[in-house]
Amino acid sequence: MKSGFATVVTLALAAALQWVCGSAMAADKGEVVVFVPSSTNPYIGQFEKGAREKAAELGYSVKVIENNFNQSEQDSQVQQQLASGQKAAGYIWWPFENAAGIGALRALSRSGSPVIVSNQFPLKGTDKFYTAYAGANDILSGRTAAEMLLKACAEPGMKCDKGAIIRFPAGVSAGDDRVTGFEQAIKGKLDVISVTPTAGFLEDEGYKVASQIIPAHKGELTWLYTENDSMAGAAAQAARENGLAPGKRILIVGGTCHGDSSHVVNGDLIGTAIQSGYFEGWLAVQTLVKYIKTGKVLPGEVYLAANPDKPPSDDGAPHKFNFLPNPAIGNSEAAYDQAKLWGLNAKQLCNF
Amino acid sequence: MLQMRNVAKRYGATVALENVNLDVKAGEVMALLGENGAGKSTLVKILAGLEQPDSGAIAIGGKPHNIGSPAQARAAGISYVAQELSIVGTLSVAENVFLGDQTVGLLRSPSSLARRAKPFLARIGLGDIDPSLPAEAFSVAERQLMEIARLLSREARIAILDEPTAALSEVEIDRVKTAVRTLAEEGCAIIYVTHRLGEVFELSHRVTIIRNGHSFAPVATSSLQVDGLIEMMLGRRLEQMFPPRAPSVGDKLLVVEDCLCQGLSSPVSFILRKGEMLGLAGQVGSGATAILKVLAGLTPLYRGSITLDGRPFTPRVIRDSIKMGVAYCSDDRKRDGVFAVRNLVENLSAPVIDQVSRFGLMNRRAETTHTQAVAQQFNIDINGLGRLAGNLSGGNQQKVALGKWIGISPSLLIVEEPTRGVDVGARAEIYRHLRAQTARGLAILFASSDTHEVLGLADTIGTFFQGEMVQIGSADAMTAEIITRDVTHPAVAA
Amino acid sequence: MTSIAIARKSIGRRTWRFASLAAVATIVIIAVVAGLTTPAFLTVGNGLVIIRAASMTGIVAIGMSYVTLSGNLFALSASALGALLAVIFALVTAQTDLPAGIAVVLVGAVLAGVLQGVAVNLTGNPIIATLAFGAVFRGLASVLSGNGVLRIHNTAAAWIGTARPLGVPTQSWTFVFLAAVSWLVIRKARLGRQIILSGANREAAVASGLRVNIVTCLALVMLSVGVAIVAIFTVAQFSEARSNLFSGYDFDYIAAVLVGGIALRGGQGTPLQAALGAVLIALLENFMLLNNVSGGLLMTVVGTVVVGAISVFHLLQGKNR
């Protein structure tokens, strides 16, 4: 039994080693160094996959440096990378804690290689420290969810007024941005009774909060926004346990798809939207390589088109802010099956 | 120098001190005596500023003083060396000497601190140690002396020493005694709390006895006899400290042949018979306890053979010994003798949990019956078995630490320092209980650094010096002088 | 007995009894205050909601309390072990069936407990040993799940996760049941006594012939089983598992044990106190949730309660010694 365990550990270490050191193959245009929190988070795992595949396609190798959700660990990884003296073709920077990671970002920016920030939208005043931002736009995500909700409210027989927001833990900037986007879009149309933070991002946390919020406001709640589908599914469960049928007595939206489409296709959620970890990593690398090729950054922001089949072109110069689209998906089996972005379908993109 | 008048202190409904007077002159060693719990500790704590009296007056140098905190006590010139060592092992000796002294900045360099500590250390006989070494590099006795050096460094006018020698061997005690005399000669008033009557006679000028919260008028030590002193402390006649020796002993139980182990420099051999009490006399480090630790399964046997009841006996862990009916009680009951935060029932049943449980569940009735039987044998109040062990006096804790082993019906009981930190009254009681057990056939092997204890209690005595057994023989042929000589300078006599 | 000892005894007993009741008393106080200020608070329904909210943390906290009581402080691997067991449960249940999943997870839990116990005994440092194991568990969970979401489609499992016999969730039933059993274990079982004695004074326990090393292993096994139960419930409820489940929960488990007033040094208290600690924290969180208190403040309050509880108990126990 013990030796079996040892074998598993060895395998695990071997696998981990391969992630870190792997992909030395192919590509001699240079090495892209990617800093991310741990791929134990499936979304980040998809991000890494997208980055690797896009880099391989464009002829670059990738080195991924993960931390265990720890900013100081990530900071020291940056120091070690810079001290190693190896010249990177460019850096992709996903800080664990946006504000706390500024020092490390600045150090990266002084190395002379381009730095693409991804996932965590850069803070004001840090423009000089990065080449461009490429990734999700959480304000857009919140707005998309709100638009879906408003559309569902407009259906005949639906009554929408008061509702609640269950959001990511305090201090998570994506959570702030999504609430902002959502509230902007519903302003004057819907009432928000409460905005309650959870202690995490997954089902159990969403359930814990929803199962306490829903009974307390049972008579007045008509909708719930939960910032992601994991928590939305759990909230649907809690709603049903409290006698509120999701989709009928209460409208629930998370707005970022994930692997479990069952709550979407059975109508528990009013719909979802594709936010793809895979394409976020993919886009970060594409943006980096576009800059390397052209040496230019166009000012301002661009919302990349949500073309179902064709990904954006590798040519041309990137903008300062390059946002991943969040195409909405309706809550039917057919809508889910047909949903596509940049040539991949929802099932492939939401696999996290 | 110091006067306390009509001091009283209550804890809730209980009176700790009812009416205590104390008078200490400069340059005098005042021995403070009393049974455990008589009120000595409370009195000392009041002087050290750790407790406030409910009523009464304290005057220092003729002026009334209010000692509201340890800082005020220090400002009044009172220094206190507690029973528990307050030396910080990881700090240097010099840092320990000046610990808590605000006038010595922490920024001072180690070498200058060491230089300043040196004279204080020299005065108590530690002149040859390096003050910059960490304190943990030194023996308990040396650390105790460091406490006294600290006291010197504070230029205390009044020094309180609470059982400074409780954990020391006799040679080490001499160093402490010398240091105390030096202090007194320098004009310091010293309050010396101890259980060792020998020290009282050697060291003190006068004696104040406390009994049940009352003090007695101080008596000049020179006018006192040992028996009279004990009777004053107990408030009754002490029939006899030690019970009579065993009239006869049984068959061979433990045969130790040519055994060598950690702590011994040459092999030892001896035989212990059923119903016999064998006492090994020796100071700390003399090897007297070495073979005890082997028998307890704590240290390995290097060579030689041990048989118990005719069968080879080689315990590797404590459990092995216990299974063979050998019980071991160490000299540090606080460390491994009692469960201070648990009640007496749980303490007494600890070695027999398997016997008082069935199918994985505790059998409360069996446990109660068992512990009550044990408690009765050791005169522990059976109505108070729900108390926490940590709240008992040292003597009662020792009764628990020893008594719990009677429960496993051992054939051999091994005891290190049977009465360390136990007051006179409880001591006599423990001796009586141990003797009662040998009368039932139990063999007892004990080691002690207290010459009188070994001489008074054992049937057979072995003496140890520097890892060697000096001699072993019937207690009838031994005297206190022989034992003292053996355990200190046997070569001189030989 | 002499006078001082009696005095100390009476103080000690009173404070200790108080310490044991402190969690209950605080719960009552909060309930009354909250009931007066928040209408939705003091209802039977909300009471059940609070028990449910406390249940997952509480079950692990009960297990954790065995570790604390046995004198081994805390296991910092509980959340990571939960993730690993959840992943294993999902994998096995998806491939075979529910009984096999439960069996494999329980075997895995026992194994994890024993291995950690051996490591704790070897290193003599439960914090470092379990921290290291936590990393191993999280890593294994990540490898086994391929960093993806593992879904199960099992109606029996879904029933376990979502059923409400007599209107009360299975999780709450289990929590209450385990709290009662844990009290019996500590008070009535031989193992409970061995755990208490090992924690009260490790040296004295060894000297009394107790197999303290084995007791440590068993305490960790009981914690692991508690973790396994929570892992199974969580996977069953949402029909999925992933390697980042329970991230950051170790603080919650430890907080429950501490707020319950279990002596950090071990040897004093019962697992029931940890269960009450979990309820107390859930109560606080619920109260603040209903009053729409911001997340930062919520964390601050819970943290403050933990610090306060430890300080109070430390003072009381200091007097008791």
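Everything discussed here concerns the structure shown above.
1. Digging into the overall build of chain A
Phase 1 of the analysis: Per the secondary structure count, chain A includes 12 helices and 15 strands.
Phase 2 of the analysis: In terms of overall dimensions, chain A is globule-like: its C-alpha atoms have a radius of gyration of 21 Å, near the 20 Å expected for 352 residues.
Phase 3 of the analysis: For chain A, the spread of C-alpha atoms along the three principal axes comes to 65 × 60 × 35 Å.
Phase 4 of the analysis: Residue burial in chain A is summarised as follows: out of 352 residues, 56% are buried.
Phase 5 of the analysis: Surface summary for chain A: the accessible area is close to 13900 Å², and the carbon and sulfur share equals 54%.
Phase 6 of the analysis: Each charge sign in chain A was given a centre, from 31 positive and 34 negative side chains, and these centres are 4 Å apart.

2. As for the pattern of salt bridges
Phase 1 of the analysis: Counted according to the given criterion, the structure contains 36 salt bridges over all chains.
Phase 2 of the analysis: Residues R167 of chain A and D176 of chain A are paired through a salt bridge, measuring 2.8 Å at the closest nitrogen-oxygen approach.
Phase 3 of the analysis: On the basis of relative accessibility, which here comes to 33%, the residue D176 of chain A falls in the partly exposed class.
Phase 4 of the analysis: What emerges from the salt-bridge pattern is a single network uniting E203 of chain A together with R151, E240 and R242 of chain C.

3. Some points on the sheet that holds strand β23 (residues 468-474) of chain B
All names here are of chain B.
Phase 1 of the analysis: As summarised here, the arrangement of the 6 strands in space is β17-β20-β21-β14-β22-β23, forming an open sheet in which the pairing is mixed. Each edge of the sheet is formed by a strand with only one pairing partner; in this case those strands are β17 (326-329) and β23. Between one strand axis and the next, the sheet turns by 15° as a mean value, whatever way the strands run.
Phase 2 of the analysis: Relative to β23, strand β22 (residues 460-465) runs antiparallel, the two being bridged by 6 bridges.

4. Describing the interface of chain A and chain C
Phase 1 of the analysis: Taken together, the contact between chain A and chain C spans 37 residues of the former and 39 residues of the latter.
Phase 2 of the analysis: The interface formed by chain A and chain C contains 3 salt bridges.
Phase 3 of the analysis: Along the contact surface separating chain A from chain C lie 8 residue pairs in polar contact (both at pLDDT 80 or more).
Phase 4 of the analysis: Every element with two or more residues in the side of chain A that touches chain C is listed here: α1 (2-21), β7 (191-197), α7 (203-216) and α8 (229-241) of chain A.

5. Quick look at the interface of chain B and chain C
Phase 1 of the analysis: Tallying the contact residues gives 41 residues for chain B and 35 residues for chain C.
Phase 2 of the analysis: Of the roughly 3300 Å² buried between chain B and chain C on both sides combined, carbon and sulfur atoms contribute 58%.
Phase 3 of the analysis: Linking chain B to chain C there are 2 salt bridges.
Phase 4 of the analysis: Linking D354 of chain B and R190 of chain C is a salt bridge whose minimum nitrogen-to-oxygen distance equals 3.9 Å.
Phase 5 of the analysis: Linking chain B with chain C are 12 residue pairs in polar contact (both at pLDDT 80 or more), by the criterion used here.
Phase 6 of the analysis: Within the residue set of the side of chain B that touches chain C, elements represented by two or more residues are β2 (14-24), α10 (318-323), α11 (333-336), α12 (344-349), β19 (361-362), α13 (364-377) and α14 (394-406) of chain B.
Phase 7 of the analysis: Tallied by class, the residues present in the side of chain B that touches chain C amount to 16 nonpolar, 14 polar and 11 charged.

6. A closer look at the state of the cysteines
Residues and elements named next belong to chain B.
Phase 1 of the analysis: For the structure shown, the criterion picks out 2 disulfides over all chains.
Phase 2 of the analysis: No disulfide involves C261; its nearest neighbouring cysteine sulfur is the one of C259, lying 7.5 Å away.
Phase 3 of the analysis: We note that C329 lacks a disulfide partner, and the nearest cysteine sulfur, in C261, lies 19 Å from it.
Phase 4 of the analysis: Accessibility expressed as a relative area gives 5% for C329, which makes it buried.

7. Some points on the packing of aromatic side chains
Phase 1 of the analysis: For the structure shown, the criterion picks out 25 aromatic pairs over all chains.
Phase 2 of the analysis: Pairing F121 of chain A with Y133 of chain A gives two aromatic rings, centres 5.2 Å apart and planes at 70°, and the pair type is edge-to-face. Here F121 of chain A is found in the loop between β4 (115-117) and β5 (132-135), whereas its partner Y133 of chain A is found in strand β5, with 12 residues between them in sequence.
Phase 3 of the analysis: Judged by centre distance (5.5 Å) and plane angle (75°), the rings of Y278 of chain A and F279 of chain A are edge-to-face. Here the two residues Y278 of chain A and F279 of chain A agree in accessibility, since each one is buried.
Phase 4 of the analysis: Among the aromatic residues, those joined into a cluster by ring pairs are F121, Y130, Y133, Y303, F321 and F323 of chain A.
Phase 5 of the analysis: Note that K320 of chain A overlies the ring of Y130 of chain A, its terminal NZ or CZ placed 4.3 Å from the centroid.
Phase 6 of the analysis: The cationic tip of R116 of chain B hangs over the ring face of F98 of chain B; the distance from NZ or CZ to the ring centre is 5.1 Å.

8. Observations regarding the packing of α7 of chain A against α8 of chain A
Residue and element names in this part refer to chain A.
Phase 1 of the analysis: In contact at an axis separation of 8 Å, α7 and α8 are set at 35° when each is read in the N-to-C sense. α8 is crossed by α7, and the crossing has right-handed handedness. Here E203, G206, Y207, A210, S211 and I214 of α7 lie close against α8, whose contacting residues are S230, M231, A234, A235, Q237, A238, A239 and E241.

9. Quick word on the sheet that holds strand β9 (residues 251-253) of chain A
Residue and element names in this part refer to chain A.
Phase 1 of the analysis: Spatial strand order, β7-β6-β8-β9: 4 strands in an open sheet with parallel pairing. Two strands bound the open sheet, and with one partner strand each, they are β7 and β9. The average angle at which neighbouring strand axes cross in this sheet is 15°, direction not considered.
Phase 2 of the analysis: Judged from the 6 bridges that link them, strand β6 (residues 162-167) and β7 form a sheet pairing that is parallel. Bridging across to β7, R167 finds its partner in P197.
Phase 3 of the analysis: Its contacts with the sheet put helix α5 (residues 138-153) on β8 (223-225) and β9, and the angle it makes with β9 is roughly 160°.
Phase 4 of the analysis: The strands touched by helix α6 (residues 173-186) within the sheet are β6, β7 and β8, with β6 carrying the most contacts at an inclination of about 165°.

10. Considering the arrangement of the chains
Phase 1 of the analysis: Taking contact number as the criterion, the leading pair out of 2 pairs of chains in contact is chains B and C.
Phase 2 of the analysis: For the non-touching pair chain A and chain B, the nearest C-alpha separation works out to 26 Å.

11. A few points about helix α8 (residues 190-200) of chain C
Phase 1 of the analysis: Counting buried residues in α8 of chain C gives 9 out of 11 residues, a clear majority hidden from the surface.
Phase 2 of the analysis: Those residues of α8 of chain C that sit buried are G192, R193, Q194, I195, I196, L197, S198, G199 and A200 of chain C.

12. Some remarks on the pairing of strand β3 (residues 90-93) of chain A
Residue and element names in this part refer to chain A.
Phase 1 of the analysis: Here β3 shows a buried face lined by G90 and I92 and a second buried face lined by Y91 and W93.
Phase 2 of the analysis: Pairing between β3 and β4: 3 bridges, direction parallel. Pairing of I92 across the sheet is with I116, part of β4.
Phase 3 of the analysis: On the question of chirality, the crossover connecting β3 to the parallel β4 by way of helix α4 (residues 102-109) is right-handed.

13. Some remarks on the packing of helix α7 (residues 170-188) of chain C against α8 of chain C
All names here are of chain C.
Phase 1 of the analysis: Their axes nearest at 5 Å, the elements α7 and α8 cross at an angle of 70°. What the angle tells us is that α7 and α8 run roughly perpendicular. Counted together, V185, I186 and K188 of α7 and R190, G192, R193, I195 and I196 of α8 form the full contact between these two elements.
Phase 2 of the analysis: The residue inventory of the contact of α7 with α8, partitioned by class, reads 4 nonpolar, 1 polar and 3 charged.

14. Topic: the side chain of D486 of chain B
Residue and element names in this part refer to chain B.
Phase 1 of the analysis: With respect to the element layout, D486 can be found in helix α17 (residues 480-488).
Phase 2 of the analysis: Classification of D486 as buried rests on a relative accessible area of 1%.
Phase 3 of the analysis: The residues touching D486, leaving out its near neighbours within four places in the chain, are T463, F464, F465, V470 and Q471.

What counts and what doesn't
Residues numbered from 1 in each chain as written. Chains lettered and ligands numbered in written order. Predicted model: local features only at pLDDT ≥ 70, side-chain atom pairs only at ≥ 80, totals over all residues. Heavy atoms only, no water. Helix = DSSP H or I, 4+ residues; strand = E, 2+ residues; numbered from the N terminus. Rg over C-alpha atoms; globule rule 2.2 N^0.38 Å. Buried < 20%, exposed > 50% of the residue type's maximum accessible area, 1.4 Å probe, protein only. Areas by Shrake-Rupley, 256 points an atom, 1.4 Å probe, with all protein chains shown as cover. Lys, Arg positive; Asp, Glu negative; His and termini not counted. Charge placed at Lys NZ, Arg CZ, Asp CG, Glu CD. Salt bridge = Lys/Arg side-chain N within 4 Å of Asp/Glu carboxyl O. Pairing = 2+ DSSP bridges. Axes fitted to C-alpha atoms, helices over the stretch in contact; angles between N-to-C directions. Contact = heavy atoms within 4.5 Å. Polar contact = N/O pair within 3.5 Å; in protein donor to acceptor, adjacent residues only side chain to side chain. Buried area = accessible area lost by both parts, 1.4 Å probe. Nonpolar A, V, L, I, M, F, W, Y, C, P; charged D, E, K, R; others polar. Disulfide = S-S within 2.5 Å. Phe/Tyr/Trp six-rings, centres within 6.5 Å; stacked < 30°, edge-to-face > 60°. Lys NZ or Arg CZ within 6 Å of the ring centre and 35° of its normal. Left-handed = near helix turned anticlockwise from the far one by under 90°. Right-handed = clockwise from strand over helix to strand, strands pointing away. Parallel < 35°, antiparallel > 145°, perpendicular 65-115°, else oblique.

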